[in-house]
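A look at the structure
What follows is the residue order along each chain.
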Amino acid sequence: MAKTDFLTIRNASILVSMFKNSKITIGVPHHTPGGTEEMPCSEHKYGDENTGYIGQYISEKMGASFVCACNYFLDPNKALNTDYAVAIIKSNPTYLIEIHGHDKRRTDNDIEISCGNRQRETYAIKLKQQIESIISEWSSEDPKWSLLNKIKIGANFEYIYFKATGSATIQDMDWIPLHIELSYILRRNAETNQLSNEGILFQDVLCEAIKRVCK
């Protein structure tokens, strides 16, 4: 079964891990396929629909390690003894890019980026600036990228809602973490449950931004 097939399973909890010789690991702890809103997990009831596809795309394009908990029965990034966290540790990253999803009920931002504390905030701000710069650059060259011009990004630790202060994989290790929360507009087409057009475009933007920040 191909890795993509694992990400489409709705009735089982599966951990996908692909290790590569890379200083970057893409982690996705709460993936569910589009249309599967809830996971079998009382600690984290709602899944981050389609985040696994985004993480997989970026990891393959960058040659980065990939760890994804699919439709999981526990909340895997809140402790370091879960199989998800153990796989992240095994991948030995310099940078951990952890991709999540939100529904905009708690923030007006389409994207929120956190490094888990104010001291590391500079990395989150750099990634925000690179995303905005790339969208501007690419929109001036090809109108299709203008679809992302209205995306609102928050990275100032004091003002974002999703600070990732309770995430062990963001807080407790020596790597540089970037916790990225994406709203539905970047993850799911409401009619098809597949990645939205905005999300398909954003994958390449995020990939390029990560390359520029995680040198």
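Further up the page is the structure itself.
Summary of the structure given here. Just so we're clear, the structure is a prediction, and the values are computed from it rather than from any experiment.

The rules we used
Residues numbered from 1 in each chain as written. Predicted model: local features only at pLDDT ≥ 70, side-chain atom pairs only at ≥ 80, totals over all residues. Heavy atoms only, no water. Helix = DSSP H or I, 4+ residues; strand = E, 2+ residues; numbered from the N terminus. Expected span 1.5 Å × (residues − 1). Buried < 20%, exposed > 50% of the residue type's maximum accessible area, 1.4 Å probe, protein only. Contact = heavy atoms within 4.5 Å. Arc of directions from axis to C-beta. Axes fitted to C-alpha atoms, helices over the stretch in contact; angles between N-to-C directions. Parallel < 35°, antiparallel > 145°, perpendicular 65-115°, else oblique. Left-handed = near helix turned anticlockwise from the far one by under 90°. Nonpolar A, V, L, I, M, F, W, Y, C, P; charged D, E, K, R; others polar. Phe/Tyr/Trp six-rings, centres within 6.5 Å; stacked < 30°, edge-to-face > 60°. Lys NZ or Arg CZ within 6 Å of the ring centre and 35° of its normal. Polar contact = N/O pair within 3.5 Å; in protein donor to acceptor, adjacent residues only side chain to side chain.

1. Let's talk about helix α6 (residues 197-213)
Over its 17 residues, α6 runs 25 Å from end to end, which matches the ideal 24 Å to within 8%, given 1.5 Å per residue. Along α6, the residues that are buried comprise Glu 198, Gly 199, Leu 201, Phe 202, Gln 203, Asp 204, Val 205, Leu 206, Cys 207, Ala 209, Ile 210 and Val 213. Where α6 is buried, its residues touch β2 (24-32), α2 (51-62), β5 (95-102), β6 (111-114), α4 (121-141) and β8 (176-183).

2. As for α4
In a regular helix each residue adds 1.5 Å, so 21 residues correspond to 30 Å; α4 covers 31 Å between its end C-alpha atoms and thus fits that length. Within the span of α4, buried status applies to Glu 121, Ala 124, Leu 127, Lys 128, Ile 131, Ile 134, Ile 135, Trp 138 and Ser 139. Buried residues of α4, seen end-on, are gathered within an arc of 165° and therefore sit on one face of the element. For α4, the exposed residues lying more than 90 degrees away from the buried face are Ser 140 and Glu 141.

3. Thoughts on the pairing of strand β4 (residues 65-70)
For β4, the tally of buried residues reaches six of six residues, placing the bulk of the element in the interior. Side chains Ser 65, Val 67 and Ala 69 project from β4 onto one buried face, and the interleaved Phe 66, Cys 68 and Cys 70 project onto a second face that is buried too.

4. Side note on the packing of α4 against α6
One can describe the packing of α4 onto α6 by two numbers: an axis separation of 9 Å at closest approach and a directional angle of 130°. Taken together, the axes of α4 and α6 are oblique relative to one another. Of the two elements, α4 crosses α6, and the hand of that crossing is right-handed. Within the contact between the two elements, α4 uses Tyr 123, Lys 126, Leu 127, Gln 130, Ile 131, Ser 133, Ile 134, Ile 135, Glu 137 and Trp 138 and α6 uses Phe 202, Asp 204, Val 205, Leu 206, Glu 208, Ala 209, Ile 210, Arg 212 and Val 213. Grouping the amino acids of the contact of α4 with α6 by side-chain chemistry returns twelve nonpolar, two polar and five charged.

5. Quick look at unusual backbone geometry
Unlike most non-glycine residues, Asn 92 shows phi in positive territory, near 55°. Phi angles above zero are rare outside glycine, and Ala 164 is one such case at about 65°. For Ala 164, the position within the fold is in the loop between β7 (153-154) and α5 (168-171).

6. Considerations on the packing of aromatic side chains
Following the criterion strictly, the structure yields three aromatic pairs and no others. Seen from their ring centres, Tyr 161 and Phe 162 are 4.9 Å apart, and the 85° between their planes marks the pair as edge-to-face. By relative accessible area, Tyr 161 is classed as partly exposed at 44%. When the ring centre of Tyr 123 is taken as reference, the NZ or CZ atom of Lys 126 above it lies at 5.8 Å. Its end group placed over the ring of Tyr 184, Arg 188 keeps NZ or CZ at 4.7 Å from the ring centre.

7. Comments concerning the side chain of Asn 77
Along the chain, Asn 77 turns up in the loop between β4 and α3 (83-91). A residue is classified by how much of its surface remains accessible, and Asn 77, at 1% relative accessible area, is buried. Within the structure, Asn 77 has its side chain in polar contact with the side chain of His 30 (distance 3.4 Å). Aside from chain neighbours lying at most four places away, what touches Asn 77 is Pro 29, His 30, Tyr 84, Glu 98, His 100, Ser 167, Ala 168 and Thr 169.

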